[in-house]
Amino acid sequence: MMGPSHALSGATAWLAGTWALDHFAGYEQSPLAVAVGTLVCAGGALLPDLDLSGKVTRNQGGATVARTFGVFSLFVAEVIEKVSLGIYTATRLSRDPRRTNGHRTFTHTLPFAGLLGWGTTALAGHFGKWAVVGIVFFTAGLALRGLFDKWAERAGWFIVTLCSAVIAWFTAANLPGDRGYPMLGFAVAVGCVVHLFGDIITSAGVPILWPVPTGRRLWRMVGVPNGMAIKVGGKVETVVLRTAMVVISLVAIAGIFAPGLLQRFEDLISTSSTVAMKENI
């Protein structure tokens, strides 16, 4: 899937999950917590593609996530791609093919998602607000780049970076640490997992079973059959799937906030009626 689809899938998954927790388990979150979780999950859904690097010196190419912060993020993607290739080469079995790049290897595994989620929570818990600033700054930048890709292309990496900094600072100043900080790591992990399932429905697939060996292969690519696979960038992805995700997100937002707004409206009407009755008396 393309970057915007991955980011949108992360946002959709988080909003739908937030509604489900609220509706079935009574787990309420503040509007800020919902918004931050959605942004972080959308950004997290782009993180696995940091193994797709471009041309650092020319500030070109690479995945959506690699271009978010210009040359800096392209350099990070270059490093991660080489590390992923190194892990693949060091652990591949006899039937795993030789590779010259690390795309769709280590960062496209469940252990990577788990490690990233755990590390994010540990950083936020240990270093507090300063870690939250860094985490939200980075993931919000990815989310803006993915969710608003055309705007981000026109605005450039500097404006995206500036907007990310404002979001990060506001979050650190207002997000409570008791439930908010652990939520960040969970949102990152969920985003990464959602990315994997997004790539599974393409013909290339991902090594989601790693590190479990199957048939003398450790890096078996798991995906749907070619006849069912969606074409990356095709109409099924860009029109059908994105439209469905937008609709689900809007319904989830309505489900999360509409009951509270209706209750406030009813309370306001009730209070106004009470005041009017007292004045008439």
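Analysis parameters
- Residues numbered from 1 in each chain as written.
- Predicted model: local features only at pLDDT ≥ 70, side-chain atom pairs only at ≥ 80, totals over all residues.
- Heavy atoms only, no water.
- Helix = DSSP H or I, 4+ residues; strand = E, 2+ residues; numbered from the N terminus.
- Buried < 20%, exposed > 50% of the residue type's maximum accessible area, 1.4 Å probe, protein only.
- Contact = heavy atoms within 4.5 Å.
- Areas by Shrake-Rupley, 256 points an atom, 1.4 Å probe, with all protein chains shown as cover.
- Salt bridge = Lys/Arg side-chain N within 4 Å of Asp/Glu carboxyl O.
- UniProt positions renumbered as here; feature names shortened; annotations may be inferred.
- Disulfide = S-S within 2.5 Å.
- Axes fitted to C-alpha atoms, helices over the stretch in contact; angles between N-to-C directions.
- Parallel < 35°, antiparallel > 145°, perpendicular 65-115°, else oblique.
- Nonpolar A, V, L, I, M, F, W, Y, C, P; charged D, E, K, R; others polar.
- Core = buried A, V, L, I, M, F, W, Y, C linked by side-chain atoms within 4.5 Å.
- Phe/Tyr/Trp six-rings, centres within 6.5 Å; stacked < 30°, edge-to-face > 60°.
- Lys NZ or Arg CZ within 6 Å of the ring centre and 35° of its normal.

## Here's the deal with the overall build of the protein chain
Helix and strand counts for the protein chain come out as nine helices and two strands. Starting at the N terminus, the α and β elements of the protein chain follow one another as α-α-β-β-α-α-α-α-α-α-α. Within the protein chain, the fraction of its 281 residues that count as buried is 41%. Of all intrachain contacts in the protein chain linking residues separated by at least 6 positions in sequence, the fraction that spans at least 24 positions is 69%. Carbon and sulfur atoms make up 70% of the accessible area of the protein chain, which totals about 14,600 Å².

## Regarding the pattern of salt bridges
As enumerated under the stated definition, the model contains six salt bridges in all. Between Glu81 and Lys82 there is a salt bridge; the shortest N-O distance is 2.9 Å. We classify Lys82 as partly exposed; its relative accessible area is 46%. Across the salt bridge formed by Glu153 and Arg145, the nearest N and O atoms sit 2.8 Å from each other.

## Here's the deal with the environment of Gly117
Examined against the element boundaries, Gly117 turns out to sit in helix 4 (residues 110-127). With relative accessibility at 6%, the residue Gly117 sits in the buried group. When neighbours within four sequence positions are excluded, Gly117 is seen to be in contact with Gly185 and Ala189.

## A short note on the UniProt feature "transmembrane region" (unreviewed entry) in the protein chain
Those residues carrying the UniProt feature "transmembrane region" (unreviewed entry) are residues 130-148, 155-172, 184-210 and 239-262 in this numbering. Between the C-alpha atoms that bound residues 155-172 the distance is 25 Å, and the span itself is 94% helix and 0% strand. The span residues 184-210 is 63% helix and 0% strand, and its two end C-alpha atoms sit 25 Å from each other.

## Quick word on the environment of Gly114
Note that Gly114 resides in helix 4. Overall, Gly114 belongs to the partly exposed group, its relative accessible area being 40%. In this structure, the C-alpha to C-alpha distance between Gly114 and Val188, residues 74 residues apart in sequence, is 9.1 Å.

## Things to note about the state of the cysteines
By the definition in use, this model includes zero disulfides. Cys41 carries a free sulfur, and the closest cysteine sulfur to it, the one in Cys192, is 8.8 Å from it.

## Some details on the packing of helix 2 (residues 31-44) against helix 5 (residues 129-147)
Relative orientation and spacing of two packed helices are given, respectively, by the angle between their axes and the distance between those axes. Remark: helix 2 packs on helix 5, axes separated minimally by 7 Å, with the N-to-C direction vectors making an angle of 75°. It follows from the interaxial angle that helix 2 and helix 5 lie roughly perpendicular. Residues Val36, Leu39, Val40, Ala42 and Gly43 of helix 2 form the contact with helix 5, whose own contacting residues are Val136, Thr139, Leu142, Ala143 and Leu147. Across the contact of helix 2 with helix 5, the residue classes break down as eight nonpolar, two polar and no charged.

## Topic: the nonpolar core
Note that soluble globular proteins tend to have their nonpolar side chains buried in a common cluster. Counting 37 residues, the largest nonpolar core has Val132, Val136, Met183 and Leu184 as its most contacted members. Counting only elements with at least two residues in this core, the list comes to helix 1 (3-25), helix 2, helix 3 (71-91), helix 4, helix 5, helix 7 (157-174) and helix 8 (177-200). Those residues in contact with Met183 that lie beyond four places of it in its chain are Trp14, Gln29, Ala33, Val36, Gly37 and Leu175.

## Observations regarding the packing of aromatic side chains
The tally for this structure, following the rule as stated, stands at seven aromatic pairs. The ring of Tyr88 carries Arg99 above its face, with NZ or CZ at 5.6 Å from the centroid.

## Re unusual backbone geometry
With an omega of 10°, the peptide bond running from Trp210 to Pro211 counts as cis. Summarising the element assignment, Pro211 is placed in the loop between helix 8 and helix 9 (235-280). Here Arg216, not a glycine, exhibits a phi torsion of approximately 60°, which is positive. Structurally, the position occupied by Arg216 is in the loop between helix 8 and helix 9. On the basis of relative accessibility, which here comes to 51%, the residue Arg216 falls in the exposed class.

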